Amino acid sequence: MHFCQLLNFLRKFLADKTATFLIQQRCHTYKETIEKEEKYGKIKLIDKQTVEIVGGINPLKINVFDIKAIGEFTTADGPFIDDWFLTFITQTDWIEIPMYTDGMTEFLTDLGNLLNSNLSAKLTNTTDWKTRVMYPIYFKEKELYELENIEPKTFWERVKKRIGIQDTVRVLSTELKQLHKS
């Protein structure tokens, strides 16, 4: 077997194993969610100054005026696990909320009215990686996140990189990094 054939075999083998693992993870997560009947809660705007998620597995309370940017993003992880999220960026944190949270449509309308911005979600039927900024207006429709490659540290990570499978991490887009620093 030539080196190129071996490399192609390894690439296919690892891709198959990775896909199988991810499918098993997704199914496992989905079964746990159904069995435990975990819910996202209900998101709402309270007193025109507080975003609140009541109930669910991740309750939240955040002051609207602490939010520097709002965006949405999708991943290719669906349909068995969440793949569409609303993101609030504050000075110190990123808060990601599944778009399937109860009350999301009404909440986006109310928050948009408060911020004088149209916060309509546009990535509804997207099935791959996509991001967009919804607020502030001067960054609207720009990228929310960028993907950066993680430098391999272990032998296995270097082998994966060599055959074309490299791990990535989400980071704020260049524009939002500037906003986040100010």
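Rules used in this analysis
Residues numbered from 1 in each chain as written. Predicted model: local features only at pLDDT ≥ 70, side-chain atom pairs only at ≥ 80, totals over all residues. Heavy atoms only, no water. Pairing = 2+ DSSP bridges. Helix = DSSP H or I, 4+ residues; strand = E, 2+ residues; numbered from the N terminus. Axes fitted to C-alpha atoms, helices over the stretch in contact; angles between N-to-C directions. Contact = heavy atoms within 4.5 Å. pLDDT = per-residue confidence, 0-100. Phe/Tyr/Trp six-rings, centres within 6.5 Å; stacked < 30°, edge-to-face > 60°. Buried < 20%, exposed > 50% of the residue type's maximum accessible area, 1.4 Å probe, protein only. Lys NZ or Arg CZ within 6 Å of the ring centre and 35° of its normal. Expected span 1.5 Å × (residues − 1). Arc of directions from axis to C-beta.

A.B. asks: Even after reading the chapter, I still don't get the sheet that holds strand 7 (residues 130–135), so can you show me in this structure?
C.D. replies: Sheets are built from strands paired through backbone hydrogen bonds, the pairs being either parallel or antiparallel. The sheet built from four strands is open, its strands ordered 6-5-4-7 with antiparallel pairing. Since the sheet does not close on itself, it has two edges, and those belong to strand 6 (94–98) and strand 7, each with one partner. This sheet shows a mean twist of 25 degrees between the axes of neighbouring strands, independent of strand direction. One ladder, built from five bridges, connects strand 4 (residues 69–74) with strand 7; its direction is antiparallel. Within the sheet, the bridge partner assigned to Phe 73 lies in strand 7 and is Thr 131. Across the sheet, helix 2 (residues 104–115) is in contact with strand 4, strand 5 (84–89), strand 6 and strand 7; its angle to strand 5 comes to roughly 30 degrees.

A.B. asks: Even after reading the chapter, I still don't get the confidence of the model for the chain, so can you show me in this structure?
C.D. replies: In low-pLDDT segments, the atomic positions of the prediction should not be examined closely. For the chain, per-residue confidence averages 79 on the pLDDT scale, and 77% of positions sit at 70 or higher. Scored below 50 in pLDDT, residues 17–37 makes eight contacts in the model with residues more than four places away or belonging to other chains.

A.B. asks: What is the right way to look at the packing of aromatic side chains in this model?
C.D. replies: How two aromatic rings sit relative to each other is given by the distance of their centres and the angle of their planes. Tallying each qualifying case throughout the model produces seven aromatic pairs. Geometrically, the ring pair formed by Phe 73 and Phe 85 is stacked, given 5.0 Å between the ring centres and 20 degrees between the ring planes. In this pair, Phe 73 sits in strand 4 while Phe 85 sits in strand 5, placing the two residues 12 residues apart along the sequence. In this pair, the class of Phe 73 matches that of Phe 85, namely buried. Ring centres of Phe 88 and Phe 107 lie 6.2 Å apart, and the angle between their planes is 80 degrees; this geometry places the pair in the edge-to-face category. Of this pair, Phe 88 sits in strand 5 while Phe 107 sits in helix 2, and the two are 19 residues apart along the sequence. Each member of the pair, Phe 88 as well as Phe 107, carries the same accessibility label: buried. Grouped by ring-pair contacts, the aromatic residues Phe 73, Phe 85, Trp 94, Trp 129 and Tyr 145 constitute a single cluster. Just above the ring of Tyr 145 sits the side chain of Arg 170; from NZ or CZ to the centre is 5.1 Å.

A.B. asks: Looking at this structure, I do not really get helix 2. What am I missing?
C.D. replies: Each turn of an α-helix holds 3.6 residues, which means side chains three or four residues apart point in the same direction. Between its first and last C-alpha atoms helix 2 spans 16 Å; for 12 residues at 1.5 Å apiece the expected length is 16 Å, and the two agree. For helix 2, the full list of buried residues reads Met 104, Phe 107, Leu 108, Leu 111, Gly 112 and Leu 115. All buried residues of helix 2 lie within an arc of 130 degrees about the axis, which places them on one face of the element. Exposed positions of helix 2 whose direction lies more than 90 degrees from the buried face are Thr 105, Glu 106 and Asn 113. Where helix 2 is buried, its residues contact strand 1 (42–46), strand 2 (50–54), strand 4, strand 5, strand 6 and strand 7.

A.B. asks: What exactly am I supposed to notice about unusual backbone geometry here?
C.D. replies: Most peptide bonds are trans, and most residues other than glycine sit at a negative phi. The omega angle of the peptide bond from Tyr 135 to Pro 136 is 10 degrees, so this bond is cis rather than trans. In this structure, Pro 136 sits in the loop between strand 7 and strand 8 (145–149). Positive phi, normally seen in glycine, also occurs at Asn 116, with a value near 55 degrees. Tracing the backbone through its elements, the reader meets Asn 116 in the loop between helix 2 and strand 7.

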